[in-house]
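In case you want the letters, here they are:
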Amino acid sequence: MALTATPAAAQDAAATENTADADAATAPIREAFFARMKEGRTGEALEALFVKAGQSLIKPVALSDLERQFDNAITLYGPLRECHVYQQESAATLLASYRYLCQHDRMITRWHLTFIRLPNGWQGGYIKFDDKFSDVLGKN
């Protein structure tokens, strides 16, 4: 068995290409998710993220729990106004991760969306949010 190493420049070029491919493929999903969240349509936002071809990666009960958590945050912090990516990364051609800062009327929140590439295309695989926005600046 022979092992080969890929030069660093080729690895960097491949990583850039993977990120660009993931960005193009996941952008419509991310945009649909945040557009629906801004409209207060949380359930539809989660469906846009996790449901592809009528199948969801997560159980309906889990989707309902997420919807309730997100709605509680909206009640507490106010409507979602705008969101901006502050960090993104990809792994091979199978995973892409995006971290957003989002502005509400009474708070800034962090959102972390991870996408997975399945044989039928990209879809949401993980989502998390919190109000620890100061961590973005390296301060606790």
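Residues numbered from 1 in each chain as written. Predicted model: local features only at pLDDT ≥ 70, side-chain atom pairs only at ≥ 80, totals over all residues. Heavy atoms only, no water.

J.: What should I look at first to understand the pattern of salt bridges in this one?
T.: Close approach of charged atoms allows side chains with opposite charge to pair. A full pass over the atoms with the stated rule returns six salt bridges. Between R41 and E44 there is a salt bridge, with its nearest N and O atoms 2.5 Å apart. Taking relative accessible area as the criterion, R41 reaches 34% and is therefore assigned partly exposed. Ionic pairing is found between D105 and R81, a salt bridge with its closest N-O pair at 2.7 Å. With D105 in the loop between β4 (95–104) and β5 (108–118) and R81 in strand β3 (residues 80–91), the pair connects residues that are 24 residues apart, well separated along the chain. Of the residues examined, D105 reaches a relative accessible area of 43% and is grouped as partly exposed. Look at R81 and you get partly exposed, because its relative accessible area is 46%. When salt bridges that share partners are traced, they join E39, R41 and E44 into one network. (Salt bridge = Lys/Arg side-chain N within 4 Å of Asp/Glu carboxyl O. Buried < 20%, exposed > 50% of the residue type's maximum accessible area, 1.4 Å probe, protein only. Helix = DSSP H or I, 4+ residues; strand = E, 2+ residues; numbered from the N terminus.)

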